[in-house]
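What follows is the residue order along each chain.
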Amino acid sequence: MNILFLIQTFWAAVRAIPVTVLITSASVLIGLPLGFLLAWIKIRKIRILYPLAVVYTSLMRATPMVLLILLFYSTLPSFLNVIMNQKLHWHIKVFDTNPVIYAIIVFSLIAIANLSEVFRSAILTIDPGQKEAALMVGLSPIQAYYRIIIPQALVSAIPNIGNLTLNILKGTSLAFMMTVQEVTAVAKTAASYTYNYTEAYIDIFIIYFILGTLLQIIFRYLERYLSRHKLRVKAV
């Protein structure tokens, strides 16, 4: 066990944490509104859009994350290059695009599909009578969702949103396949020069354990806060 290498690589990998956090947070933030929109389409069963939403959700949830990463990173830049440079003649250097952007796209697509199911199940737990009562007192359907349905559904959805965020955080360890310099990539690159892979994997484990624990604490606090807020609203 090379303790010096373990310590040096740990601090080198720590400096890559912002990239990991950026991919995770951006993917979830993009997925929240679009996931809710997808859930609303499935609940309302909007013609034409409903089957597309179901197929998209099923495809994204059934396909292994590593396969999606390899598929998008190998095909999306080539597709964009054909469209922008060969068809539109924009002369944009697509292959020079920061791979972090592609990583955010892939994980956002995964987040949207999973969050749509999270929101759909959360909304369906709300008593339909509450929406009817809101409409009877003069609220519009949009106001009923914004002021009555969504706040309650959000409380129910928070644990599952936390689990999804944690899974995406762990999934970012695969972003090194897209040449993204995140925690795993930095540690493995350092190990490739000295072959101290055991120490590098220990560093990766420690960092993801710390990040995962902090994320669980944040969502646990958020769940308790929203639950107390919900109780105060009911009391009023």
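Owing to the predicted nature of the structure, the values given are computational and were not obtained by experimental measurement.

The rules behind the values
Residues numbered from 1 in each chain as written. Predicted model: local features only at pLDDT ≥ 70, side-chain atom pairs only at ≥ 80, totals over all residues. Heavy atoms only, no water. UniProt positions renumbered as here; feature names shortened; annotations may be inferred. Helix = DSSP H or I, 4+ residues; strand = E, 2+ residues; numbered from the N terminus. Expected span 1.5 Å × (residues − 1). Buried < 20%, exposed > 50% of the residue type's maximum accessible area, 1.4 Å probe, protein only. Polar contact = N/O pair within 3.5 Å; in protein donor to acceptor, adjacent residues only side chain to side chain. Contact = heavy atoms within 4.5 Å. Axes fitted to C-alpha atoms, helices over the stretch in contact; angles between N-to-C directions. Parallel < 35°, antiparallel > 145°, perpendicular 65-115°, else oblique. Left-handed = near helix turned anticlockwise from the far one by under 90°. Phe/Tyr/Trp six-rings, centres within 6.5 Å; stacked < 30°, edge-to-face > 60°. Salt bridge = Lys/Arg side-chain N within 4 Å of Asp/Glu carboxyl O. Arc of directions from axis to C-beta. pLDDT = per-residue confidence, 0-100. Core = buried A, V, L, I, M, F, W, Y, C linked by side-chain atoms within 4.5 Å.

Asker: Where do I start with the UniProt feature "domain: ABC transmembrane type-1" (unreviewed entry) in the protein in this structure?
Answerer: Per the UniProt record, "domain: ABC transmembrane type-1" (unreviewed entry) is annotated on residues 17-219. Annotated as residues 17-219, this span is 82% helix and 0% strand, and its ends, taken at the C-alpha atoms, are 19 Å apart.

Asker: So what exactly am I meant to see when it comes to helix α5 (residues 99-124) here?
Answerer: In an α-helix there are 3.6 residues to a turn, and that puts residues three or four apart on one side. End to end, α5 covers 38 Å across 26 residues, agreeing with the expected 38 Å (1.5 Å per residue, within 8%). With 19 of its 26 residues buried, α5 lies for the most part within the structure. Of the residues that open α5, the one with a side-chain oxygen 2.9 Å from the backbone nitrogen of V100 is N98.

Asker: Honestly, the UniProt feature "transmembrane region" (unreviewed entry) in the protein in this entry has me stumped. Any pointers?
Answerer: Under the UniProt annotation, "transmembrane region" (unreviewed entry) lies at residues 26-43, 55-80, 100-123, 144-169 and 200-222. Secondary structure across residues 26-43 divides into 100% helix and 0% strand, with the first and last C-alpha atoms of the span separated by 26 Å.

Asker: Quick question: what am I supposed to make of the side chain of T9 here?
Answerer: Tracing the chain through its elements places T9 in helix α1 (residues 3-14). Non-local contacts of T9, meaning those with residues more than four positions away in its chain, are made with A187, A190 and D203.

Asker: For this particular structure, what's the right way to read the packing of α5 against helix α7 (residues 141-171)?
Answerer: Angle between the axes and distance between the axes are the two parameters that describe a pair of packed helices. The interhelical angle for the contact between α5 and α7, taken along N-to-C directions, is 150°, at an axis separation of 9 Å. Taken together, the axes of α5 and α7 lie roughly antiparallel to each other. By crossing handedness, the relation of α5 to α7 is classed as right-handed. Here α5 contributes F107, A111, N114, L115, V118, F119, A122 and I123 to the contact with α7, which in turn contributes I149, A153, L154, S156, A157, N160, I161, L164, I168 and G171.

Asker: What is the right way to read the packing of aromatic side chains from this model?
Answerer: By convention here, two paired aromatic rings are described through the distance between centres and the angle between planes. Inspection of the entire model under this criterion finds six aromatic pairs. An angle of 80° between the planes, with centres 5.6 Å apart, marks the rings of F36 and F119 as edge-to-face. Here the residue F36 occupies a position in helix α2 (residues 17-44), and F119 occupies one in helix α5, the gap between them amounting to 83 residues. With a centroid separation of 6.1 Å and an interplanar angle of 25°, the aromatic rings of F205 and F209 are classed as stacked. Taken together, the positions of F205 and F209, both in helix α9 (residues 197-235) and four residues apart, correspond to about one turn of that helix. You'll find F205 and F209 in the same group, each marked exposed.

Asker: For this particular structure, what's the right way to read unusual backbone geometry?
Answerer: A negative phi angle characterises most non-glycine residues, just as the trans form characterises most peptide bonds. Notably, T179 is not glycine yet its phi reads approximately 65°, a positive angle. As for its position among the elements, T179 is in the loop between α7 and α8 (183-194).

Asker: Could you clarify how one ought to interpret the pattern of salt bridges in this entry?
Answerer: Pairs can form between side chains of opposite charge whenever their charged atoms are close. Within the structure shown, the criterion is met by three salt bridges. With a closest N to O distance of 2.6 Å, K42 and E117 form a salt bridge. You can see K42 sitting in helix α2 and its partner E117 sitting in helix α5, a full 75 residues away along the chain. Overall, E117 belongs to the buried group, its relative accessible area being 17%.

Asker: Help me out: how do you make sense of α1 in this one?
Answerer: In this model, α1 (twelve residues) spans 16 Å end to end at C-alpha, consistent with the 16 Å of a helix rising 1.5 Å per residue. Listed as buried for α1 are F5, L6, T9, F10 and A13. The buried residues of α1 occupy an angular sector of 135° when the element is viewed end-on, so they sit on one face. Two to three positions downstream of the cap, the backbone nitrogen of L4 sits 3.3 Å from a side-chain oxygen, assigning the N-cap of α1 to N2.

Asker: Sorry if this is basic, but what is going on with the confidence of the model for the protein here?
Answerer: Here the protein shows a mean pLDDT of 86. Residues at 70 or above account for 96%. Mean pLDDT across the secondary structure elements of the protein bottoms out at helix α6 (residues 128-136), with 79, and peaks at α2, with 93.

Asker: For this particular structure, what's the right way to read the nonpolar core?
Answerer: Generally speaking, nonpolar side chains in soluble globular proteins are found buried as a group. In this structure, I23, F107, I161, M178, V180, V183 and I207 are the most contacted members of the largest nonpolar core, which totals 55 residues. Sorting the residues of this core by element identifies α1, α2, α4 (65-87), α5, α7, α8 and α9 as the ones contributing at least two each. At 14 residues, α5 tops the list of elements feeding residues into this core. The residues contacting F107, other than those within four sequence positions of it, are I23, S27, M65, I69, I168, G171, T172 and A175.

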